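Residue strings, one per chain:
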Amino acid sequence: MKTMGSHHYNRHPERGDCVIKLGFELGVACAATQVEGGELDHSWNDWYHKGHIKDGSDPARANDHYHLWEEDYGLMRDMGIRQYRLGIEWARIEPSEGVFEEKELERYHAMLLRLREYGIRPLVTLHHFTNPMWFERKGAFTKIDNLPIFLRFVEKVVRYFGDACCEYLTINEPNVYAMGGYYGGQWPPGEASFWRTQQVISVLAACHAKAYELIHKLREEAGFTDTRVGFAHHARVFAPKNPWNPWHQVATRLSAYLFQGTVLRAFALGQYRWPLKNLLKLPGKRLVDFHALNYYARSTVSGLGDGVREVCPKNDLGWEIYPQGIAACGREMERLLSLPLYVTENGTCDNQDAFRCRYLYDHLTALQSSGLPVERYYHWCFCDNFEWLEGESARFGLVHVDYATQKRTIKKSGQFFSEMAKAGAITPEMEARYVKGEEYHG
Ligand code: BGC
């Protein structure tokens, strides 16, 4: 252990001057709404027009990736990135109910082909927080009757993409989507009900189960054998504020159970525990081909709600930086079901790029030494982008974006990431150049 400011971090002194071989591939992740831009009739544009984005920034601007994707893919290729998790925008593909825009599907298809030409493997997220407004008005995922609407979209996309993409995430972070929109009320549609939240998670679990089967069936019929399907699970470490306080202990266990325990079991295994419901009475079985973990932080619990301890390393949004948590959450998934692990998101809000290299180093080495069957790590995110409620004010990217000019500039952390991606390893020289001297603030 070495002291750094008031915080400690693991420097793996036992490795001495060794090269750290990662043993998994490095990639980057994005979501369509956060990068593409465009005035579309969807829930987040609507939320913006209702005045909810804290810094007033408009998702219609974002990174203008819709027009600049070729430049962005070129940059990824040059940075040595070989894995890319991308989103597609449902409201673009199906702007009104049952009407599919062939030209938008064609455009996404062309993007997938370009990625493959560049040697970058795509992993497509079918749903990442945003709904077309016509779907929102029908009650979105609060109603099991809306399941066929989602499946029709999935079928259209998977058929169209054919062999251009063989790996899918059905739904991104069902717990975060449901809590944000139906429990906390800060996200669209702004509701605040515990039971409604549980209903939404139950409907999403049914959607995932059916989509998992459908994608396999469609691709099998088309003669493809390399299909892999999962869902992106947002997991945290929950710890009691006062470990000796029995109420804090109970609240910790309850938070972990409700926020991620029940969710993982329902989505990965089709096993529904209270308060979730098996709305379609589906038989339990494995419903993921790999674990997809989105990990950011540790929560400190003293009641119901999310807390952060007073003294700890924090990012620019005040989230605790807790690198060991990435392995702890991976282990939890592995305990439920032994499968290859993809970290499908991990990253931090660091507006000055002052500690992202350290953050990367700490999380990657925690994973590397975890003994878990990690196959890939997708950093969140490639470019600074539209960060939901925070708008453009929270920067998570390896590449800086000047939103006014849309100029992209690789950050120091982006250079570090690129070198690691190319080498598949961290050398002592890289560590000295990028990591040494970077400190978290507390
Ligand atoms: C989401 C991303 C988001 C990131 C950082 C995740 O919960 O999937 O869309 O940008 O966290 O807040």
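See the structure shown above.
Residues numbered from 1 in each chain as written. Predicted model: local features only at pLDDT ≥ 70, side-chain atom pairs only at ≥ 80, totals over all residues. Heavy atoms only, no water.

Undergrad: Would you mind showing me how to read the environment of Tyr377 here?
TA: Tracing the chain through its elements places Tyr377 in strand β11 (residues 374–380). On the accessibility criterion, Tyr377 (0% relative accessible area) is buried. The spatial distance from the C-alpha of Tyr377 to the C-alpha of Val343 is 4.7 Å, given a sequence separation of 34 residues. Those residues in contact with Tyr377, other than ones at most four positions away along the chain, are Phe24, Glu25, Leu26, Gly27, Ile326, Val343, Asn346, Leu360, Leu364, Leu367 and Phe417. Among the polar contacts listed, one links the side chain of Tyr377 to the side chain of His379, at a separation of 3.0 Å. (Helix = DSSP H or I, 4+ residues; strand = E, 2+ residues; numbered from the N terminus. Buried < 20%, exposed > 50% of the residue type's maximum accessible area, 1.4 Å probe, protein only. Contact = heavy atoms within 4.5 Å. Polar contact = N/O pair within 3.5 Å; in protein donor to acceptor, adjacent residues only side chain to side chain.)

Undergrad: So what exactly am I meant to see when it comes to the pattern of salt bridges here?
TA: Pairing between side chains of opposite charge can happen when their charged atoms approach one another. Scanning the entire structure with this criterion turns up 33 salt bridges. One salt bridge in this structure joins Lys138 and Glu97, with 3.0 Å as the shortest N-O distance. Taken together, the residues Lys138 in the loop between α6 (133–137) and α7 (147–161) and Glu97 in the loop between α4 (90–93) and α5 (102–117) connect sequence positions 41 residues apart. One salt bridge connects Asp353 with Arg356, and the closest N-O pair in it is separated by 2.6 Å. Each member of the pair, Asp353 as well as Arg356, carries the same accessibility label: buried. Among the ionic contacts, a cluster of salt bridges with common partners joins Glu70, Arg114 and Glu117. (Salt bridge = Lys/Arg side-chain N within 4 Å of Asp/Glu carboxyl O.)

Undergrad: Where do I start with the packing of aromatic side chains in this structure?
TA: Two numbers describe a pair of aromatic rings. These are the distance of the centres and the angle of the planes. All chains considered together, the criterion is met by 30 aromatic pairs. Note on Phe355 and Tyr440: the rings are 5.8 Å apart at their centroids and 75° apart in plane angle, and the pair reads as edge-to-face. Taken as a pair, Phe355 in the loop between β10 (341–345) and α12 (356–368) and Tyr440 in the segment after α14 (428–435) lie far apart in primary sequence, 85 residues in all. The exposure classification of Phe355 matches that of Tyr440, with both residues buried. Geometry around Tyr118 places Arg77 over its ring, the cationic atom sitting 4.3 Å from the centre. (Phe/Tyr/Trp six-rings, centres within 6.5 Å; stacked < 30°, edge-to-face > 60°. Lys NZ or Arg CZ within 6 Å of the ring centre and 35° of its normal.)

Undergrad: Honestly, the site of the ligand in this entry has me stumped. Any pointers?
TA: Near the ligand you find 13 residues, and of these Gln34, Glu173, Glu345, Glu387 and Trp388 are the closest. A distance of 3.0 Å is found between an oxygen atom of the ligand and a side-chain nitrogen or oxygen belonging to Asn172. Considering the ligand on its own, with 310 Å² of exposed area, one finds that the protein chains cover 94% of that surface. When atom positions are compared with the pocket grids, the ligand is found to occupy the largest pocket. (Near = heavy atom within 4 Å. Areas by Shrake-Rupley, 256 points an atom, 1.4 Å probe, with all protein chains shown as cover. 1 Å grid on protein atoms, 1.4 Å probe; cavity = no way out; pocket = protein on both sides within 12 Å on 5 of 7 lines; lining within 4 Å. Sits in = over half its atoms within 2 Å of the grid points.)

Undergrad: Looking at this structure, I do not really get the nonpolar core. What am I missing?
TA: Soluble globular proteins tend to pack their nonpolar side chains together in the buried interior. Counting residues in hydrophobic clusters, the biggest one holds 123 residues, and the most contacted among them are Phe141, Phe161, Tyr377, Phe382 and Phe416. The greatest single-element share of this core, amounting to 13 residues, is contributed by helix α9 (residues 194–221). Excluding its chain neighbours within four sequence positions, the residues that come into contact with Phe382 are Val28, Ala29, Cys30, Asp72, Leu75, Met76, Met79, Ile81, Gly397, Leu398 and Val399. Formed by 16 residues, the second largest nonpolar core is a distinct cluster that contains Ala232, Ala292, Tyr296 and Trp380. (Core = buried A, V, L, I, M, F, W, Y, C linked by side-chain atoms within 4.5 Å.)

Undergrad: When you look at the side chain of Asn175 in this model, what are you seeing that I'm missing?
TA: Its location among the elements puts Asn175 in helix α8 (residues 174–182). Judged by relative accessible area, Asn175 falls into the buried class, the value being 0%. Aside from chain neighbours lying at most four places away, what touches Asn175 is Ile201, His233, His234, Phe259, Gln260 and Val263.

Undergrad: Just checking my understanding: could you explain the layout of surface pockets for this structure?
TA: The probe, sized like a water molecule, is rolled over the atoms to show the empty space still left. Each pocket or cavity is described by its volume, and for the largest pocket that value is around 1200 Å³. Lining the largest pocket are 42 residues, with Val176, Met179, Arg236, Phe259 and Asp306 sitting closest to its centre. Secondary structure elements with two or more residues in the lining of the largest pocket: α8, α9, β8 (228–240), α10 (246–269) and β9 (291–301). Counted by class, the lining of the largest pocket contains 20 nonpolar, 13 polar and 9 charged residues. (Points joined across faces, edges and corners; volume = space filled by probe spheres on them. Nonpolar A, V, L, I, M, F, W, Y, C, P; charged D, E, K, R; others polar.)

Undergrad: Please explain α12 as it appears in this structure.
TA: Think of an α-helix as 3.6 residues a turn; residues three or four steps apart then line up on the same face. With 13 residues, α12 should cover 18 Å at 1.5 Å per step; its first-to-last C-alpha distance of 18 Å lies within 8% of that length. The buried fraction of α12 is high, at 12 of 13 residues. (Expected span 1.5 Å × (residues − 1).)

Undergrad: Got a minute to help me understand the pairing of strand β13 (residues 407–410) in this structure?
TA: The two faces of the sheet receive side chains in turn, since in a regular strand these alternate between them. Strand direction decides the pairing type here: strand β12 (residues 399–402) and β13, joined by 4 bridges, are antiparallel. Residue Val401 lies in a different strand from β13, and its bridge partner there is Arg408. From the end of β12 to the start of β13, which pair antiparallel, there are 4 residues, and Gln406 there has a positive phi angle of about 60°. (Pairing = 2+ DSSP bridges.)

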